[in-house]
Amino acid sequence: MNRAMVLAIGYTESGLNYNIKHPDKNTIGIGGIKRLHKTIARINSLEAIEEVYLKYLRICKGNNKKALQSYKGTKNNMKSFNKTWKIYKRIRNEYGQRNTRQL
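What counts and how
Residues numbered from 1 in each chain as written. Predicted model: local features only at pLDDT ≥ 70, side-chain atom pairs only at ≥ 80, totals over all residues. Heavy atoms only, no water. Axes fitted to C-alpha atoms, helices over the stretch in contact; angles between N-to-C directions. Helix = DSSP H or I, 4+ residues; strand = E, 2+ residues; numbered from the N terminus. Parallel < 35°, antiparallel > 145°, perpendicular 65-115°, else oblique. Left-handed = near helix turned anticlockwise from the far one by under 90°. Contact = heavy atoms within 4.5 Å. Nonpolar A, V, L, I, M, F, W, Y, C, P; charged D, E, K, R; others polar. Salt bridge = Lys/Arg side-chain N within 4 Å of Asp/Glu carboxyl O. Buried < 20%, exposed > 50% of the residue type's maximum accessible area, 1.4 Å probe, protein only. Core = buried A, V, L, I, M, F, W, Y, C linked by side-chain atoms within 4.5 Å.

**Focus on the packing of helix 3 (residues 64-72) against helix 4 (residues 79-95)**
As a packed pair, helix 3 and helix 4 sit with axes 10 Å apart at the nearest point and diverge in direction by 130°. Of the possible angle classes, the one that applies to helix 3 and helix 4 is oblique. Seen along the crossing, helix 3 lies across helix 4 with a hand that is right-handed. Judged by residue contacts, Asn64, Lys65, Leu68, Gln69 and Lys72 of helix 3 engage Ser80, Phe81, Thr84, Trp85 and Tyr88 from helix 4. Counted by class, the contact of helix 3 with helix 4 contains 4 nonpolar, 4 polar and 2 charged residues.

Okay, structure coming up:
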């Protein structure tokens, strides 16, 4: 479980707002998840962010940066990726990976 990454994604996608309205009508909720993703967890949840991120992490053979790029859909525009990566590193460094379970 990577709570630091889940929080960073949720923050950059929606400001951790469950009720956000995305410009793209196919994008839903706190994690900015596309409707095409079939999740076990409720799609507008931190658990769904984690589920989709872990799917990409498996596809990218454990490479966090590539998994995040896939989640964010950033091929040419790296601004969103860079912002999320910076927040992820800050959470991880400030709280430690093990301690983020308390967040």
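**Overview of the pattern of salt bridges**
In this structure the tally under the stated criterion is 3 salt bridges. The residue glutamate 13 makes a salt bridge to lysine 72 at a minimum N-O spacing of 2.8 Å. In this pair, glutamate 13 sits in helix 1 (residues 3-14) while lysine 72 sits in helix 3, placing the two residues 59 residues apart along the sequence. Take glutamate 13 and lysine 72: they sit in the same class, and that class is buried. For aspartate 24, the salt bridge is made with lysine 34, and the minimal N-O distance between the two is 2.6 Å. Highlighted residues: aspartate 24 in the loop between helix 1 and strand 1 (27-28) and lysine 34 in strand 2 (residues 33-34), separated in sequence by 10 residues. The exposure class assigned to aspartate 24 is partly exposed, which follows from its relative accessible area of 32%. Lysine 34 sits in the partly exposed class, given a relative accessible area of 33%.

**Some words on unusual backbone geometry**
Despite not being glycine, leucine 16 has its phi angle at roughly 60°, a positive value. Structurally, leucine 16 can be placed in the loop between helix 1 and strand 1. For leucine 16, a relative accessible area of 38% corresponds to the partly exposed category. Of note, the phi angle at lysine 61 is positive, near 50°, even though the residue is not glycine. Positionally, lysine 61 belongs in the loop between helix 2 (46-59) and helix 3.

**Brief notes about the packing of helix 2 against helix 3**
Packed helix pairs are specified by the crossing angle of their axes together with the interaxial distance, meaning the distance between the axes. Following both chains from N to C, one finds helix 2 and helix 3 inclined at 120°, their axes separated by 8 Å at the closest point. Taken together, helix 2 and helix 3 sit at an angle that is classed as oblique. Helix 2 and helix 3 meet at a crossing whose hand is right-handed. Across from Ile49, Val52, Tyr53, Tyr56 and Leu57 in helix 2, the residues of helix 3 making contact are Asn64, Ala67, Leu68, Ser70 and Tyr71. Per-class residue counts for the contact of helix 2 with helix 3 are 8 nonpolar, 2 polar and no charged.

**Some words on the nonpolar core**
Counting residues in hydrophobic clusters, the biggest one holds 23 residues, and the most contacted among them are Met5, Ile9, Ile49, Tyr53, Leu68 and Tyr71. Of all the secondary-structure elements, those providing two or more residues to this core are helix 1, helix 2, helix 3 and helix 4. At 6 residues, the largest contribution of residues to this core is made by helix 2. Setting aside residues no more than four positions away along its own chain, isoleucine 49 makes contact with Val6, Ile9, Gly10, Ile30, Gly31, Ile33 and Tyr71.

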